[in-house]
Amino acid sequence: PRVLDTADAIHYIESARHLAQGDFFGIDPKIPILYPLLTALAHFIFADFEKAGMAVSFLASVLTIAPVYGVAKALHGRAAAIVSGVTVAIWPWLADYACRVGNEATGTFWWFLGVYVFMRAMRCGGVWVWLAPWPFFALHLTRPEGMTALAAAVVAGFIIGWKDDRAVLRRIIPFIIVSVILLGL
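1. What to know about the pattern of salt bridges
And step 1. Evaluated as defined, the whole model comprises four salt bridges.
And step 2. Between Arg 143 and Glu 104 there is a salt bridge; the shortest N-O distance is 3.8 Å. On the criterion of sequence distance, the pair formed by Arg 143 in the loop between α8 (133-142) and α9 (146-160) and Glu 104 in helix α6 (residues 104-124) is long-range, its members being 39 residues apart.
And step 3. A salt bridge links Arg 143 to Glu 145, with the shortest nitrogen-to-oxygen separation between them at 3.0 Å.
And step 4. Among the charged side chains, a network of salt bridges with common partners joins Glu 104, Arg 143 and Glu 145.

2. Focus: the side chain of Thr 106
And step 1. With respect to the helices and strands, Thr 106 occurs in helix α6.
And step 2. If we ignore the near neighbours within four places in the chain, the residues touching Thr 106 are Tyr 35, Leu 38, Val 56, Ala 60 and Thr 142.

3. Description of helix α1 (residues 9-20)
And step 1. Taking 1.5 Å per residue, 12 residues should reach 16 Å; α1 reaches 16 Å between its end C-alpha atoms and fits that length.
And step 2. Among all positions in α1, only Ala 9, Tyr 12, Ile 13, Ser 15, Ala 16 and Leu 19 are buried. Mapping the buried residues of α1 onto a view down its axis gives an arc of 160 degrees, with all of them on the same face.
And step 3. Buried positions along α1 lie against α2 (34-42) and α3 (49-76).
And step 4. Just downstream of α1, Gly 22 is the residue with a positive phi angle, here 80 degrees.

4. Quick notes on α8
And step 1. Within α8, seven of the 10 residues are buried, leaving the element largely enclosed by the surrounding structure.
And step 2. Every buried residue belonging to α8 is among Pro 133, Pro 135, Phe 136, Phe 137, Ala 138, Leu 139 and Thr 142, and all of these are buried.

5. Describing the environment of Arg 120
And step 1. Among the structural elements, Arg 120 can be located in helix α6.
And step 2. For Arg 120, a relative accessible area of 28% corresponds to the partly exposed category.
And step 3. When the C-alpha positions of Arg 120 and Ala 132 are compared, they lie 8.3 Å apart, and in sequence the two are 12 residues distant.
And step 4. Among all residues touching Arg 120, those that are not within four sequence positions of it are Gly 125 and Trp 128.

Basis of the calculations
Residues numbered from 1 in each chain as written. Predicted model: local features only at pLDDT ≥ 70, side-chain atom pairs only at ≥ 80, totals over all residues. Heavy atoms only, no water. Salt bridge = Lys/Arg side-chain N within 4 Å of Asp/Glu carboxyl O. Helix = DSSP H or I, 4+ residues; strand = E, 2+ residues; numbered from the N terminus. Contact = heavy atoms within 4.5 Å. Expected span 1.5 Å × (residues − 1). Buried < 20%, exposed > 50% of the residue type's maximum accessible area, 1.4 Å probe, protein only. Arc of directions from axis to C-beta.

Taken by themselves, the reported measurements are silent on function.
Now the structure itself:
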């Protein structure tokens, strides 16, 4: 018989099962909600909840390549971005978690997407500033340490733009406002 290979996997599957059945009160409040929700949605395609959870993990692992590429390209150029993308694509840890029921791959995707979008927000401003909190909030809904990454982004924003205080404030204040609203909800 098949055996789930992580201790938390059964909790994610149980939460996904409750969500798919519309039983919102049966969800374990200690389990971050986004991964089980995505698994419940994937269950419309895959009959087995375990396969649905693995599909979510696999897709998140594959998608992680894009923001890693974007961050590396913005910081170091195209050659470094290609090397970074290939490195992430064959990274054993991410490849391993791509095949498991667990929120690690999904959390990694949201974390790197958050870094990419936040970096764009601090450099370019505009709509990026209003979009930047969303991946960090998704990380918060996926992994317990997401709240820490969200708070660390504010500190990173001041470090990134320490030479131009006004530009940093114009970009950090909307980030903080949207973050507080999202966390309040």
